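So the chains spell out like this:
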Amino acid sequence: MRQPPRLFRDATLDSLARRRCLIGLSAIFASTVTPAAAAEWKTQDDPFTLGVASGDPSADGFVIWTRLAPRPTEGGGMPELPVGVDWTVAADEAHTRVLRRGRATADPRLGHAVHVEVEGLDPDRWYWYRFTAGGAASPTGRTRTSPAPGAQAARLRFAFASCQHYEHGLFGAYRHMAQDDLDLVLHLGDYIYEGSSAGKVARRHETKEEPVTLAQYRNRYACYRSDPHLRAAHRNFPWVVTWDDHEVENDYAADQSQNRDDPKWFLQRRAAAYQAYYEHLPLRRASLPRGPDMLLYRRLAFGDLATFHVLDNRQYRSDQPCGEGRRGGGNMVPNCGARFDPLATLWGNAQEKWLDDGLAGSRSRWNILAQSLMMAQLTYRDAVGQPVHWTDGWDGYAAPRARFLARLAAAKVANPVTIGGDIHSFWANELRQDFDDPRSPVVMPEFVGTSISSRGIPYESTMKVLPANPHVRFFESRQRGYARCEVTPSRWQTGFLGIADAADDQSAIRTVASFVVESGRPDLNRD
Ligand code: FE
Ligand code: CA
């Protein structure tokens, strides 16, 4: 038997999160950063090679982000000094009406990343922001606040994306997304890949080595941000991000590595990976990492129209079941009784309770579960025809999934919808309390987006198993792209947008399929 589930600091998570704000930040910023040291640095180089970004909008503000890195894939190229970074937020792109300004410190211990939580702005408006440091100016980013809490919001448009292996394709999908009419972008994981594998395009990671240290993970993020289309998508919209596995290592589960590394060693690797994730994305202080732990699950509201319950599918999960005698990480397994282990958890007890409480307390018309994986059951057949399931996804955690769907059905939550990624293909599914009983009521619709660039899963063989999975209403794995959702009080529409050729970043995009959900009815309608 493997060890029982590991629930990191579940019971004390919230108090630790509060302490992180107080102790973590003050420890980092109060003791050694002096304004004098922060003021003197001057540069002839462009320190804004990684671009600018914004995220986690509230009704009165958002996070604005940049990281100083004149030599991005070679450790950043900054002196080991804290450096002052001036920022402004304006009502217009040309910055003729500056509304907020301040000075932040780019600390070498955070890779000279800067995260500013701007507050006190008006709700439901677009804003523009930029940074200056060392005599250089950043590009101007555009972002927005959400409608006031409870305020009537007529429309929300957002895109969601995942899985952007740099070596498998170009980011033409982001070229289109950057020009789209959106309020928000959600990234649902596999923002970087730790592993290298050649694709149809010539570009390669900055090294074939898997990152393990903080310096190596920083270089990997810098490699991804060298893509101009990814930077443009960040520059034009606020993002809300969560991770999947490849931000650390393929198929890891809490402290369990797919290579069965010593958990103590693996947690050091995880700490490096989590810190690099924080350093490169527009996250709030609440997510500042503490050793190997980082609080990523959180909630964001868009007026009375929608609440995003952003989930962490990796940090607290029990190990994948039925792995004895097999490789670490996920496996396709027949007769895996441990999929129904009542002690198994994907979210961890604290996150699960936080989600239940948030769904029960939500007054929003739509409640969006933003998480990295497909939730629907997917039954494959092995060579001798017996059913097999993939244990790294929700099918490896069938007991906590069934419990959650039963609670969700009983709780009468307004219009739950789940969005996911991970499997490099588009899916539209109707989640049932009992997937093996087509008469079991639909609890929630699900939309899974294809990869931005990562190779798709096999099309023909997957099509063959769909008749045994009648809750799947749509599947397409041959195109890369993203999903776009338009939400109004009465209606939800998801368009699956596919690019013709991921080896060409100028490739055209088209709607592959479109589905509608009417408020009050969880079933899917083909648009
Ligand atoms: Fe992926
Ligand atoms: Ca994944």
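Higher on the page you've got the structure.
What comes next concerns the included structure. (Residues numbered from 1 in each chain as written. Chains lettered and ligands numbered in written order. Predicted model: local features only at pLDDT ≥ 70, side-chain atom pairs only at ≥ 80, totals over all residues. Heavy atoms only, no water.)

Topic: the state of the cysteines
The condition that has to hold: Throughout, a disulfide means two cysteine sulfur atoms within 2.5 Å of one another. A run of H or I in DSSP counts as a helix once it spans at least four residues, and a run of E counts as a strand once it spans at least two, with each numbered from the N terminus. Remark: exposure states derive from per-residue accessible area (1.4 Å probe, protein chains only) relative to the maximum for the residue type, with buried under 20%, exposed over 50%, and partly exposed in between.
Inspection of the entire model under this criterion finds one disulfide. Through a disulfide, Cys322 is tied to Cys336; the S-S separation comes to 1.6 Å. Since a negative S-S torsion denotes a left-handed disulfide, the Cys322-Cys336 link at about 75° is right-handed. Of this pair, Cys322 sits in the loop between β13 (306-310) and β14 (332-334) while Cys336 sits in the loop between β14 and α7 (349-361), and the two are 14 residues apart along the sequence. The burial state of Cys322 is the same as that of Cys336; both residues are buried. Residue Cys223 stays outside any disulfide, its sulfur separated by 16 Å from that of Cys163, the closest cysteine. Residue Cys223 is classed as buried on the basis of its relative accessible area of 4%. Summary of cysteine pairing: Cys485 is not part of a disulfide, and the nearest cysteine sulfur, belonging to Cys163, is at 16 Å.

Thoughts on the pattern of salt bridges
Inclusion rule: The rule for a salt bridge is simple: a side-chain nitrogen of Lys or Arg has to be within 4 Å of a carboxyl oxygen of Asp or Glu.
Under the counting rule described, the total for this entry stands at 35 salt bridges. The salt bridge partner of Asp356 is Arg407, with a shortest N-O separation of 2.7 Å. In this pair, Asp356 is assigned in helix α7 and Arg407 in helix α8 (residues 398-411), connecting sequence segments 51 residues apart. A network of salt bridges, in which partner residues are shared, links Arg155, Arg157, Asp180, Asp181, Arg484 and Glu486.

Focus: the sheet that holds strand β17 (residues 387-390)
Applicable threshold: In this description, strands pair whenever DSSP reports at least two bridges between them.
On the basis of which strands lie adjacent, the open sheet formed by three strands has the order β14-β17-β16 and antiparallel pairing. Two strands lie at the open edges of the sheet, namely β14 and β16 (380-381), each paired on one side alone.

With respect to the packing of aromatic side chains
Which entries qualify depends on this criterion: Stacked, tilted and edge-to-face pairs are distinguished by plane angle, under 30 degrees for stacked and over 60 for edge-to-face with tilted covering the rest, among Phe, Tyr and Trp rings (Trp via its six-membered ring) whose centres lie within 6.5 Å. Put simply, a charge is over a ring when the Lys NZ or the Arg CZ is close to the ring centre, within 6 Å, and near the line of the ring normal, within 35 degrees.
With the rule as written, the count across this model stands at 26 aromatic pairs. Each ring, one from Phe474 and one from Phe496, has its centre 5.9 Å from the other, and the planes form 25°; the classification is stacked. Within this pair, whereas Phe474 is found in strand β21 (residues 472-476), its partner Phe496 is found in strand β23 (residues 491-499), the two being separated by 22 residues in sequence. As far as the burial class goes, Phe474 and Phe496 line up, both buried. Chaining the aromatic ring pairs together yields one cluster made of Phe158, Phe308, Trp366, Phe426, Phe447, Phe474, Trp492, Phe496 and Phe515. Here Arg144 stacks its cationic end above the ring of Trp126, 5.5 Å away from the centre of that ring. The positively charged end of Arg478 is found above the aromatic ring belonging to Tyr459, 3.7 Å away from the centroid.

Description of the nonpolar core
Rule in force here: Nonpolar cores are built from buried Ala, Val, Leu, Ile, Met, Phe, Trp, Tyr and Cys residues. Side-chain atoms within 4.5 Å join them into one set. The criterion used for residue contact is that any of the two residues' heavy atoms lie within 4.5 Å.
One finds Tyr174, Met177, Tyr224, Trp239, Tyr277, Leu283 and Met294 to be the most contacted residues of the largest nonpolar core, which totals 43 residues. Where this core is concerned, the elements lending two or more residues are β9 (156-161), α3 (172-179), α4 (214-225), α5 (228-236), β11 (238-241), α6 (263-280) and β23. Residue contributions to this core peak at seven residues, all from α6. Those residues within four positions of Met177 in sequence are excluded, and the remaining contacts are Ala159, Ala161, Leu182, Val185, Ala233, Phe237 and Tyr482.

Digging into the environment of Phe474
Of the residues examined, Phe474 reaches a relative accessible area of 11% and is grouped as buried. The sequence separation of Phe474 and Leu68 amounts to 406 residues, and the corresponding C-alpha distance is 43 Å. When residues no more than four places from it in sequence are discounted, the contact partners of Phe474 are Phe426, Trp427, Ala428, Phe496, Val512, Ala513, Phe515 and Arg526.

With respect to the coordination of the calcium ion (ligand 2)
Test applied: Coordinating donors are taken as N, O and S atoms within 2.8 Å of the metal, stretched to 3.2 Å for Na, K and Ca; because water is absent from the atoms, sites can appear incomplete.
Coordination sphere of the calcium ion (ligand 2), protein contribution only: Asp190 (OD), Asp244 (OD), Asp245 (OD) and Asp422 (OD), at 2.3 to 2.7 Å. Between consecutive donors of the calcium ion (ligand 2), the numbers of intervening residues give the motif D-x53-D-D-x176-D. The metal-metal distance between the calcium ion (ligand 2) and the iron ion (ligand 1) comes to 3.8 Å, with Asp190 coordinating both. Assigned by exposure class, Asp244 and Asp245 land together as buried.

Some words on the layout of surface pockets
Applicable threshold: Using a 1 Å grid laid over the protein atoms alone, points where a 1.4 Å probe fits but cannot get out form a cavity; open sets with protein on both sides within 12 Å along at least 5 of 7 lines form a pocket; any residue with an atom within 4 Å of a point counts as lining. Grid points are joined across faces, edges and corners, and a volume is the space filled by probe spheres set on the points. Residue polarity is assigned by list, with Asp, Glu, Lys and Arg as charged and Ala, Val, Leu, Ile, Met, Phe, Trp, Tyr, Cys and Pro as nonpolar; anything else, Gly included, falls into the polar class.
If you add up the space inside the largest pocket, you get close to 600 Å³. Here the residues of the lining of the largest pocket sort into twelve nonpolar, eight polar and seven charged.

Examining the pairing of β11
The two faces of β11 match: Pro238 and Val240 on one face and Trp239 and Val241 on the other face are all buried. Relative to β11, strand β1 (residues 52-55) runs parallel, the two sharing two bridges. Paired with Gly55 across the bridge in β11 is Trp239. Here strand β10 (residues 184-187) runs beside β11; their pairing, made up of three bridges, is parallel. Within β11, the residue paired with His187 across the bridge is Val241.

Concerning α8
Quick note on the threshold: Multiplying 1.5 Å by the residue count of a helix minus one yields the expected span of that helix.
Relative to the 20 Å expected for 14 residues at 1.5 Å per residue, α8 spans 20 Å between its end C-alpha atoms, a close match to the ideal helical length. Buried within α8 are the following residues: Ala398, Ala399, Pro400, Arg401, Phe404, Leu405 and Leu408. Residue Lys412 follows α8 closely and has a positive phi angle near 55°.

A short note on the sheet that holds β21
Rules: Lines are fitted to the C-alpha atoms to define the axes, a helix being fitted only along its stretch in contact, and any angle between axes, read from their N-to-C directions, falls within 0 to 180 degrees.
With respect to topology, seven strands assemble into an open sheet ordered β12-β13-β15-β18-β20-β19-β21, the strand pairing being mixed. Each edge of the open sheet carries a strand with a single partner, namely β12 (298-302) and β21. Adjacent strand axes in the sheet meet at a mean angle of 20°, parallel and antiparallel pairs treated alike. Pairing between strand β19 (residues 426-432) and β21: four bridges, direction antiparallel. Across the sheet, the residue bridging to Ala428 is Phe474, located in β21.

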